[in-house]
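The primary structure of each chain is shown beneath.
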Amino acid sequence: MTNLRSRVIGLGSHLPPRIVTNEDLTEFMDTSDEWIVQRTGIRERRWVEGVTSTSDLAVEASQRALDSAGLAAQDLDMIFLATLSPDHFFPGSAVFLQRKLGLAGIPAIDVRQQCTGFIYALSIADQYIRTGSAEKILVVGSEVHSKGLEKSTRGRDVTVLFGDGAGAVILEATGVTDPDRESHLLSTHLYTDGAFAEELWVPAVSTAYDEDIVDQRMLDRGDQYPKMNGRQVFVHAVKRMPEAVEAALEQNNYQVNDVDLFVFHQANLRINEAVAHRLGAPEEKVFNTIHKYANTTAATIPIGLDEAVQAGMLEAGMLVASAAFGSGFTWGSALLRW
Ligand code: COA
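Residues numbered from 1 in each chain as written. Predicted model: local features only at pLDDT ≥ 70, side-chain atom pairs only at ≥ 80, totals over all residues. Heavy atoms only, no water.

A. Region of the structure containing the nonpolar core. Counting residues in hydrophobic clusters, the biggest one holds 44 residues, and the most contacted among them are Met 241, Val 245, Phe 262, Phe 264, Leu 279 and Leu 335. Taken together, the elements giving at least two residues each to this core come down to α8 (230–251), α9 (269–279), β12 (319–326) and β13 (330–337). Per-element tally for this core: the top contributor is α8, with 8 residues. When residues of this core are sorted by domain, at least three fall in each of domain 1 (3–176) and domain 2 (184–337). With residues up to four places along the chain from it excluded, the contact list for Phe 262 reads Val 245, Val 256, Leu 279, Ala 281, Lys 285, Val 286, Phe 287 and Ala 321. One finds Val 8, Ala 298, Ile 301 and Ala 308 within the second-largest nonpolar core, a separate group that totals 33 residues. (Core = buried A, V, L, I, M, F, W, Y, C linked by side-chain atoms within 4.5 Å. Buried < 20%, exposed > 50% of the residue type's maximum accessible area, 1.4 Å probe, protein only. Helix = DSSP H or I, 4+ residues; strand = E, 2+ residues; numbered from the N terminus. Domains from an automatic or database assignment. Contact = heavy atoms within 4.5 Å.)

Here is the structure:
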């Protein structure tokens, strides 16, 4: 029997050219290259310059994904853009991405699931394809963190972790008769636990306070900057990511050993080492980019896929497991036959 499934036919990423090293950060906060490398594995990250926005990075990655698929933007049926750093409070950034791609008419939808945003967007897009509602969907993760980070010692625990970047895939509907061989997205698993919403969040701008969505008191408190309970995030991430991968493997009757490459979210090298250890996966099968790009949130997984292909580590027919964890808390996994 032929089942309608999604397969990745295009892939692209874009990192802004400006490199910010750990040493560069010491110019405006009390930190050190040694502290950052030891605890996170991050050596440098990219920051945008000037008026560059999240949708600007997204359009570059999207165009590369379209080019690699041999498609024009006009061939797309839908757009999903995952980001926690939108161009504006509203409308969503997918609207600006659509406009910059020279398109009108097709649905352009923002997904706001932070570090798990790309897996959520992939999952939603996959549902449209499985039901035959769409044939070609652009799924993008894009972030401009640098403009929203507190660049002083008060914000150092968060600021050193994040970078800017974008990655994109094009999904196409495909009929699958042999799931062990044919390229397709096997499954996605999504989870949320809002009990931990304030463990990693940006308190303002906000409709949850008395009157205006932003006032001087919020700015004085620094509510516009991300706040994080790093230990809580770490402890939950190293538990939830392996669980999500195990759920994917179990549903599809595979073992950890069957996976050829793990392309995890990039929050912290130590998190990914612990996840691989818990799964019993060899570290050489885990593809990381954290050392050079830090955490680009919704963009880490498509950037990782793109760089793994360019590095010759991801080839047709491989079984790829992906998982992410982040603010919400949200977490999830995706299993793909590449
Ligand atoms: N540079 C130097 N010192 C720093 C620092 C920085 N950038 N950030 C925090 N510190 C200090 C702290 O103030 C603290 O000092 P104190 O002991 O005098 O109070 C000390 O370093 C240790 O801080 P702590 O928070 O205990 O460190 P940690 O070993 O837990 O590591 C993280 C902190 C953030 C690296 C770690 O908790 C982590 O990676 N968590 C997950 C974060 C994450 O992945 N977030 C994104 C999820 S999608």
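Next, the rest of the story.
B. How the structure looks around the environment of Glu 246. On the secondary structure map, Glu 246 appears in helix α8. Taking the C-alpha atoms as reference points, Glu 246 and Ala 72, 174 residues apart in sequence, are found 37 Å from one another.

C. Quick peek at the packing of helix α3 (residues 54–69) against helix α4 (residues 93–100). Where α3 contacts α4, the axes come no closer than 9 Å and their chain directions differ by 50°. Put simply, α3 runs oblique to α4. The element α3 and its partner α4 pack so that their crossing is right-handed. Across from Ser 55, Asp 56, Ala 58, Val 59 and Ser 62 in α3, the residues of α4 making contact are Ser 93, Phe 96, Leu 97 and Lys 100. Each residue belonging to the contact of α3 with α4 can be placed in one class, and the counts come to 4 nonpolar, 3 polar and 2 charged. (Axes fitted to C-alpha atoms, helices over the stretch in contact; angles between N-to-C directions. Parallel < 35°, antiparallel > 145°, perpendicular 65-115°, else oblique. Left-handed = near helix turned anticlockwise from the far one by under 90°. Nonpolar A, V, L, I, M, F, W, Y, C, P; charged D, E, K, R; others polar.)

D. Expanded view of the sheet that holds β13. Reading across from one edge, β8-β13-β12-β11 is the order of the 4 strands in this open sheet, with mixed pairing throughout. Edge strands, defined here as strands with exactly one partner in the open sheet, are β8 (184–192) and β11 (261–262). Where β11 lies against β12, 2 bridges are found, and the strand directions are parallel. Across the sheet, Leu 261 pairs through a bridge with Val 320, a residue of β12. Docked against the sheet, α8 engages β8, β11, β12 and β13, running at close to 145° with respect to β12. (Pairing = 2+ DSSP bridges.)

E. Seen up close, the site of the ligand. Taken together, 22 residues sit near the ligand, with Thr 31, Cys 115, Gly 230, Arg 231 and Asn 268 positioned nearest. With respect to the ligand, the side chain of Trp 35 contributes an N or O atom lying 3.2 Å from an oxygen atom. Between an oxygen atom of the ligand and a side-chain N or O atom of Arg 39, the distance comes to 3.1 Å. Its free accessible area being 960 Å², the ligand has 73% of it covered by the protein chains. (Near = heavy atom within 4 Å. Polar contact = N/O pair within 3.5 Å; in protein donor to acceptor, adjacent residues only side chain to side chain. Areas by Shrake-Rupley, 256 points an atom, 1.4 Å probe, with all protein chains shown as cover.)

F. Broad picture of the sheet that holds strand β5 (residues 108–111). The strand order across the open sheet built from 5 strands is β1-β7-β6-β4-β5, with neighbouring strands paired in mixed fashion. Looking at which strands have only one partner, the edges of the open sheet turn out to be β1 (3–14) and β5. Taken pair by pair, the neighbouring strands of this sheet meet at an average axis angle of 20°, ignoring direction. Strand direction decides the pairing type here: strand β6 (residues 136–143) and strand β7 (residues 165–176), joined by 8 bridges, are antiparallel. Bridge assignment links Ser 142 to a residue of β7, and that residue is Ala 166. Against the sheet, helix α5 (residues 117–130) contacts β1, β4 (78–82), β5, β6 and β7, and its axis sits at roughly 170° relative to β6.

G. Structural detail: the domain arrangement of the protein chain. With domains assigned, the protein chain is organised as domain 1 (3–176) and domain 2 (184–337). Distance between the C-alpha centres of domain 1 and domain 2: 13 Å. With 53 residues of domain 1 at the contact, the number on the domain 2 side is 50 residues. Note on domain 1 versus domain 2: buried area summed over both sides is about 3900 Å², and carbon and sulfur give 66% of it. Taken together, the links from domain 1 to domain 2 amount to 0 salt bridges. One can count 18 residue pairs in polar contact (both at pLDDT 80 or more) joining domain 1 with domain 2. Element by element, the count of residues in the side of domain 1 that touches domain 2 is highest for α5, at 8 residues. (Buried area = accessible area lost by both parts, 1.4 Å probe. Salt bridge = Lys/Arg side-chain N within 4 Å of Asp/Glu carboxyl O.)

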